[in-house]
Amino acid sequence: MASDRLADESALVAELRTGSEPAFETLYRHYAPQLYRNMLKLVRDEETARELLQELFLTVWQRRQSLDPERSFAAYLFTVARNRVYDTLRHQQTARLALAQLGSEREEAYVHVEESLQYRETLRRVQRAVEQLPPRRREVFTYCKLEGKPYEEVAALMGITVSAVNAHVVKATKAIRAHLDLPEMLLVVFLSQAMGPAI
């Protein structure tokens, strides 16, 4: 099961503390599916569950140096996730009650916690970084990193060489990450949202 503790979890957490992106990716891929399913059951909204999951792992990355390799990382994740969901549900209920009293038909943002603000600010920073890329580089990067197209297909589509595609991707990634402290996998998640409708 995805929620089972990894055999080398302590070592991975120790590596994560030093900023290891491979360790972060391994932990993310192992725990994210189960965490997402648990959150979705409670909040009953896919977008909310996705945002909560990304907020959670953004917080893990930002606070990685405070993690204790000797303690269960799984227990930490599921406890923080549970608290995050309960906070969200409480705010939703409070918002509904307030709106009912005011007679308003518009529902405002459902979360007003520090992590949510950090998440949204990071998403805005990623969006700005992508928008600052030269148009052709941004197009190549979108095809390759966000849509998952093979470099050969992108090269044929845009009438450039595969090496040129690779150069665009490398330079785009370097430019974006120059302003951000995010593992590549989490960066791609933010990019996929940043390229969508603006928040």
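So, how was this worked out
- Residues numbered from 1 in each chain as written.
- Predicted model: local features only at pLDDT ≥ 70, side-chain atom pairs only at ≥ 80, totals over all residues.
- Heavy atoms only, no water.
- Core = buried A, V, L, I, M, F, W, Y, C linked by side-chain atoms within 4.5 Å.
- Buried < 20%, exposed > 50% of the residue type's maximum accessible area, 1.4 Å probe, protein only.
- Helix = DSSP H or I, 4+ residues; strand = E, 2+ residues; numbered from the N terminus.
- Contact = heavy atoms within 4.5 Å.
- Polar contact = N/O pair within 3.5 Å; in protein donor to acceptor, adjacent residues only side chain to side chain.
- Salt bridge = Lys/Arg side-chain N within 4 Å of Asp/Glu carboxyl O.

A. Region of the structure containing the nonpolar core. Counting 43 residues, the largest nonpolar core has Phe-57, Ile-176 and Leu-182 as the members making the most contacts within it. Of the residues forming this core, the biggest block, nine residues, is contributed by helix α2 (residues 21–43). Ignoring anything within four residues of it in the chain, the contact list for Phe-57 reads Phe-24, Tyr-28, Tyr-31, Ala-32, Leu-35, Leu-77 and Leu-186. The next biggest cluster of nonpolar side chains, apart from the first, holds nine residues, and it includes Cys-144, Ala-155, Met-158 and Ile-160.

B. Expanded view of the side chain of Thr-48. Looking at the secondary structure, you find Thr-48 in helix α3 (residues 46–62). There is a polar contact of 2.7 Å between the side chain of Thr-48 and the side chain of Asp-45.

C. Representation of the pattern of salt bridges. A complete count under the given rule lists eight salt bridges for this structure. Here Arg-177 ties to Glu-21 by a salt bridge, and the two come within 2.1 Å at their closest N and O atoms. In this pair, Arg-177 sits in helix α8 (residues 162–177) while Glu-21 sits in helix α2, placing the two residues 156 residues apart along the sequence. A relative accessible area of 27% places Arg-177 in the partly exposed class. Take Glu-21: its relative accessible area is 23%, and that puts it in the partly exposed class. Residues Glu-153 and Lys-149 are paired through a salt bridge, measuring 3.6 Å at the closest nitrogen-oxygen approach.

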